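# Analysis of the macromolecular model
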Amino acid sequence: MKLFNAKLGWGLLLVLALAFPFMAGNDYHLTVMSTAYIYAIATIGLNLITGYTGQFNLAHSGFMAVGAYTVGILTVDYGVSFWLAFALSGVVAAILGFFVGIVSLRLKTHFFSIFTLCVGYIMYLVIEKWESFTHGTVGIMGIPAPESIGSLDFSEPRTQYYLVLFFLVASLWIMHRIVHSLLGRTFMAIRNSDELAQALGINLMRNKLLAFMLSVFFSGMAGGLYAGYVRFLGPGVASVEHTFDMTMYMLVGGIGTLLGPLLGAISVPWLTQYLQFLQEYRFVVFGPVLVLLVIFLPHGIVGTYLNRQRRKAAMRAPAQALPPAAAPAPDTSHAAPKGEAKHA
């Protein structure tokens, strides 16, 4: 029944996503939702290394920029087709993540986060200062849209929306397969306790490095989609502020859950859009809302719901485990012994 309810819920979300372009008032709404989907893919990757493995990577937006600039540089400067450049975006980010992870994953807790923060800032500086390669502060303009596949023209906002949605659904499916596999349980064992995981025979460095590479692969792929959708890139893509935005999406939705990052990545941008009429004062409203959310829903929306469901199931389990009450035994304390009754 739980599996059926889960499939039904995901199915309803997919139907709503497919129907959204027909409900959207204009192309601007499609742009907001498509951008939210792209950042949702990157947030899903961050959730793998942070929520499931317990390593807070502050260079995540830098790896997203690596994927975006892979597409931008290859298509604009070298005339490579978008699809080939996009296929390389996640791979290039994962290869770079391998070398960064070998060094950074030897550190633990906040030392790892501080190191990756420095790495992310170095990525930002490289993009900003290496003008001959990255175009510097001028940025990369004129990035081509994805080439048409048959009759599908991806230069239109609606078809671009469905393209991004396709990769979001694929990312969620892949992440579901990872999390519910032996590999995902290995990552969660490392998150719970390094020492216990090592005592169980888990190779910490190898599995942490694998989680790190998978995480930045999703980020690089999201960056490649971002480049093809926005069609302009600047150094701001690598800003650590985007990593903090993705962290906020995880915290709002529920860190260490599949639905949480998606819910946060969609709800927070739309909330800020609806507060645009407040202009610079919108953060005066948005800030307290986040504070209240963290206070009353510390595990996020999805995480809090799942915890309540587990508590209810735990309370029902003892009552169901008790055997049915046995019928009381007849009172024979005053009955006459067998021999005496016969003698009488």
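To start, this report covers the structure provided alongside it.

### Here we look at the overall build of the protein
For the protein, the helix and strand inventory stands at 15 helices and two strands. Relative to its 344 residues, the protein shows a buried fraction of 43%. Within the protein, contacts between residues separated by at least 24 positions form 76% of all contacts whose residues are at least 6 apart in sequence. Accessible surface, the protein as shown: approximately 18900 Å² in total, 69% of it carbon and sulfur.

### Details of the packing of aromatic side chains
Under the criterion given, the structure shown has 17 aromatic pairs. Between Phe82 and Phe86, the aromatic rings sit 5.8 Å apart at their centres with planes inclined by 10°, giving stacked as the arrangement. Here Phe82 pairs with Phe86, and both are found in helix 4 (residues 82-104), just four residues apart, close to one helical turn. As far as the burial class goes, Phe82 and Phe86 line up, both buried. When the ring of Tyr161 is compared with that of Tyr162, the centres are 5.4 Å apart and the planes differ by 75°; the resulting orientation is edge-to-face. One aromatic cluster in this structure is built from Phe82, Trp83, Phe86, Phe154, Phe166 and Phe167. Between the NZ or CZ atom of Arg158 and the centre of the ring of Phe22, over which it lies, the distance is 4.7 Å.

### Brief notes about the nonpolar core
As a rule of thumb, soluble globular proteins bury nonpolar side chains together. Core analysis: the largest hydrophobic core is formed by 76 residues, its most contacted members being Tyr37, Ile38, Ile41, Tyr161, Leu168, Phe212 and Leu233. When residues of this core are assigned to their parent elements, the largest contribution, 14 residues, is made by helix 2 (residues 27-52).

### A short note on helix 4
One turn of the α-helix equals 3.6 residues, which is why residues spaced by three or four share an orientation. With 23 residues, helix 4 should reach 33 Å at 1.5 Å per residue; the first-to-last C-alpha distance of 32 Å fits that figure. For helix 4, the set of buried residues is Phe82, Ala85, Phe86, Ser89, Gly90, Ala93, Ala94, Gly97, Val100, Gly101 and Ser104.

### With respect to the packing of helix 11 (residues 240-253) against helix 12 (residues 259-274)
Look at helix 11 against helix 12: their axes get within 7 Å of each other, and the N-to-C directions meet at 110°. Regarding the angle of helix 11 to helix 12, the classification is roughly perpendicular. Of the two elements, helix 11 crosses helix 12, and the hand of that crossing is right-handed. Where helix 11 abuts helix 12, its residues Met248, Tyr249, Met250, Val252 and Gly253 lie against Gly260, Pro261, Gly264, Ala265, Ser267, Val268 and Pro269. Residues of the contact of helix 11 with helix 12, tallied by class, amount to eight nonpolar, four polar and no charged.

Parameters at a glance
- Residues numbered from 1 in each chain as written.
- Predicted model: local features only at pLDDT ≥ 70, side-chain atom pairs only at ≥ 80, totals over all residues.
- Heavy atoms only, no water.
- Helix = DSSP H or I, 4+ residues; strand = E, 2+ residues; numbered from the N terminus.
- Buried < 20%, exposed > 50% of the residue type's maximum accessible area, 1.4 Å probe, protein only.
- Contact = heavy atoms within 4.5 Å.
- Areas by Shrake-Rupley, 256 points an atom, 1.4 Å probe, with all protein chains shown as cover.
- Phe/Tyr/Trp six-rings, centres within 6.5 Å; stacked < 30°, edge-to-face > 60°.
- Lys NZ or Arg CZ within 6 Å of the ring centre and 35° of its normal.
- Core = buried A, V, L, I, M, F, W, Y, C linked by side-chain atoms within 4.5 Å.
- Expected span 1.5 Å × (residues − 1).
- Axes fitted to C-alpha atoms, helices over the stretch in contact; angles between N-to-C directions.
- Parallel < 35°, antiparallel > 145°, perpendicular 65-115°, else oblique.
- Left-handed = near helix turned anticlockwise from the far one by under 90°.
- Nonpolar A, V, L, I, M, F, W, Y, C, P; charged D, E, K, R; others polar.

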